[in-house]
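The chain contents come next:
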Amino acid sequence: MPTILFASSKGGVSKSTSAVVLGTQLATQGATVTMIDADPNHPVATWAKRPGRPETLTVVSDVNERSIIDEIEAAAEQTAFVIVDVEGTASMTVAYAISRADLVIIPVQGSQLDAAEAAKAIKLIHQQEKAFGRRIPYAVLFTRTSAAIQPRTLKHIRAELEGAGVPILRTQMHEREAFRAIFSFGGTVESLRPDQVGGLESAVANARAFTAEVVSLLKTRKVQAEVVA
Ligand SMILES: Nc1ncnc2c1ncn2[C@@H]1O[C@H](COP(=O)(O)OP(=O)(O)OP(=O)(O)O)[C@@H](O)[C@H]1O
Ligand SMILES: [Mg+2]
């Protein structure tokens with residue numbers, strides 16, 4: 001079933017965090033999910049070793065450029081969602097993962113440098129579209145943003161991306177302690193306790209809104225793909 005890839009050659013833009021939030025949220029809602037951890041540093045596999053991983057969520061790790069396509073194909077046959085996390089560099093693993101993705105999410109923090117790296121990811125997606133003769137939907141996700149204010153730099157980057165016709169997710173992943181805390185305590189934002197971290201309600205609402213938007217985007221893209229076919 002659909003494969004969602006988090007990709008950006010920029011390190012530290014919240015690929016792994018947003019991937020785990022999406023995966024755990026889908027699993028909390030009852031879906032079966034495979035998370036493919038193709039980062040040699042194993043951030044997702046390390047999270048999964050802590051208590052509280054939802055039962056319907058499986059993590060496959062030690063995935064490299066030789067095995068990534070086989071792992072994605074095997075997982076897509078077994079679970080309702082496949083989420084792939086890759087390291088923050090350009091590599092063959094990333095290129096192969098893009099070639100199999102139904103949606104590539106490109107996280108961007110509100111800096112011009114991140115936006116430049118996003119442009120590189122988009123270029124790579126277009127190259128893979130040509131190489132594999134298929135459309136590969138993608139969207140930028142603004143991450144670690146403030147829930148209260150939208151700085152001018154962020155508005156400027158948004159305007160530039162929109163001007164270039166780049167799709168941007170309506171939902172942003174705000175800077176929230178809870179999104180860091182799942183990597184310390186394990187589990188999901190919904191299983192964290194108020195004595196472990198504050199601001200849980202806002203984090204849960206953010207995670208749900210993000211997940212709902214991704215699911216709805218996958219549905220629309222599927223319809224578009226069928227119409228095109
Ligand atoms: N929404 C968020 N709120 C608070 N902290 C966050 C959020 N997203 C990411 N972080 C923190 O930012 C740092 C980088 O996040 P993360 O590891 O998810 O990025 P990445 O893009 O996967 O990095 P890499 O390229 O190294 O794989 C981590 O310390 C993480 O805890
Ligand atoms: Mg990562």
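Being a predicted model, the structure only gives us computed values, none of them experimental.

Draft legend 1. Up close: the sheet that holds strand E1 (residues 3–6). Across the sheet, which stays open at both edges, the seven strands sit in the order E3-E2-E4-E1-E5-E6-E7 with parallel pairing between neighbours. Of all the strands in the sheet, just strand E3 (57–60) and strand E7 (173–174) have a single pairing partner and so form its edges. Here two bridges tie strand E6 (residues 138–145) to E7, and the two strands are oriented parallel to one another. Among the inter-strand pairings, threonine 145 is bridged to a residue of E7, identified as histidine 174. Where helix H4 (residues 92–100) meets the sheet, its contacts fall on E1, strand E2 (33–38) and strand E4 (81–86), and the angle it forms with E1 comes to roughly 145 degrees.

Draft legend 2. Layout of the pattern of salt bridges. Under the counting rule described, the total for this entry stands at nine salt bridges. The partner of aspartate 114 in a salt bridge is lysine 10, with the nearest N and O atoms 2.5 Å apart. Taken together, the residues aspartate 114 in helix H5 (residues 112–132) and lysine 10 in the loop between E1 and helix H1 (15–28) connect sequence positions 104 residues apart. Here arginine 180 ties to glutamate 175 by a salt bridge, and the two come within 2.7 Å at their closest N and O atoms. Through salt bridges that share partners, Arg144, Glu175, Glu177 and Arg180 make up one connected network.

What counts, and at which threshold
Residues numbered from 1 in each chain as written. Chains lettered and ligands numbered in written order. Predicted model: local features only at pLDDT ≥ 70, side-chain atom pairs only at ≥ 80, totals over all residues. Heavy atoms only, no water. Pairing = 2+ DSSP bridges. Helix = DSSP H or I, 4+ residues; strand = E, 2+ residues; numbered from the N terminus. Contact = heavy atoms within 4.5 Å. Axes fitted to C-alpha atoms, helices over the stretch in contact; angles between N-to-C directions. Salt bridge = Lys/Arg side-chain N within 4 Å of Asp/Glu carboxyl O.

Structural measurements only, silent on function.
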